[in-house]
Amino acid sequence: TSKTFLLYGGIAISGKVNSDLRVSWTLPRTLGAEWEEGGLDLSPRSEKVRVYDINRDDSFGSDAYRDWGEAVAQGAQFQDINGDGLYDPNVDQPEIIGDRTLWFVMNDSTTTDRWFSTKSMGVEAHVTAWAYDDEDFLGDVVFMRYRLLNKSQDQIDSVYFSKYADTDIGDFEDDLVGCSPIRNLVFSYNDGNDSGYGSDPPAVGIVLLQGPVVDSPGNTASLFR
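First things first, this report covers the structure right here in the doc. (Residues numbered from 1 in each chain as written. Predicted model: local features only at pLDDT ≥ 70, side-chain atom pairs only at ≥ 80, totals over all residues. Heavy atoms only, no water.)

**A few points about the sheet that holds strand β10 (residues 156–166)**
- Spatially, β2-β1-β10 is the arrangement adopted by the three strands of the open sheet, whose pairing is antiparallel. If you trace the sheet from one side to the other, it starts and ends with β2 (20–25) and β10, each paired once. The average angle at which neighbouring strand axes cross in this sheet is 15°, direction not considered.
- With six bridges connecting them, strand β1 (residues 8–17) and β2 associate as antiparallel partners. Paired with G15 across the bridge in β2 is R22. (Pairing = 2+ DSSP bridges. Helix = DSSP H or I, 4+ residues; strand = E, 2+ residues; numbered from the N terminus. Axes fitted to C-alpha atoms, helices over the stretch in contact; angles between N-to-C directions.)

Here's what the structure looks like:
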């Protein structure tokens, strides 16, 4: 439909490189170009740089399973059924979470038109998004997981990671926002009726289900449960 609840959104990260504060936001190109498509070793114009799509009912040897091999080459996960460490679309299974899973890579290497005028951090984000074909509340939820990789030669200290959103629930002029820190939740809702949705407008929320998990010795990170 033409009804909307989100104008744009994404992630924001910041950190210090040799005491130099760096900031990177996935902003729309009209505001600034701090992130771009693909990994640091691929041109954003490469045909390999795209969103990879897998469904629960896709089968071994299908086009979707074969395409996932390109995603694996860029860092996507898979279930190594035969245990040989190599992805085989006829034997192994892509990482399928929920009923539909999307995967893509982006990086913050863009050096021009940076919104905050800082240098890039040399970070890749491997993003997995999934959803469920469910008539219950899960049908209204999209889950997202971000795997951040420091591809630079520098150590990045004091890193902050945030989700942000510019929500427009129909008419953006009557939207309200709130938060529940104990739930790691931010939300937007309508102030009464809405010109687009009528008398029963929806609300939208973003919940941080889990913070960073770091398995490298010597590093620490907080974990939300």
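**Overview of the pattern of salt bridges**
- All told, the structure shown has six salt bridges when counted by the stated rule.
- A salt bridge links D20 to R22; its shortest N-O distance comes to 2.7 Å.
- Taking the shortest distance from any N to any O, the salt bridge between E95 and R145 comes out at 2.8 Å. With E95 in the loop between β6 (93–94) and β7 (100–107) and R145 in strand β9 (residues 142–150), this residue pair connects regions lying 50 residues apart in the sequence.
- With relative accessibility at 33%, the residue R145 sits in the partly exposed group. (Salt bridge = Lys/Arg side-chain N within 4 Å of Asp/Glu carboxyl O. Buried < 20%, exposed > 50% of the residue type's maximum accessible area, 1.4 Å probe, protein only.)

**Regarding the packing of aromatic side chains**
- According to the stated counting rule, one finds nine aromatic pairs in the structure shown.
- On the numbers, 6.4 Å between centres and 55° between planes, the contact of Y52 with W103 is tilted. In this pair, Y52 sits in strand β4 (residues 52–55) while W103 sits in strand β7, placing the two residues 51 residues apart along the sequence.
- Classification of Y52 by relative accessible area gives buried; the value is 2%.
- The class for W103 is buried, based on a relative accessible area of 3%.
- A centroid spacing of 5.3 Å and a plane angle of 70° characterise the contact between F78 and Y87, whose relative ring orientation is edge-to-face.
- Judged by its relative accessible area of 24%, F78 falls in the partly exposed class.
- Counting every residue linked through ring pairs, the aromatic cluster contains Y8, W25 and Y164. (Phe/Tyr/Trp six-rings, centres within 6.5 Å; stacked < 30°, edge-to-face > 60°.)

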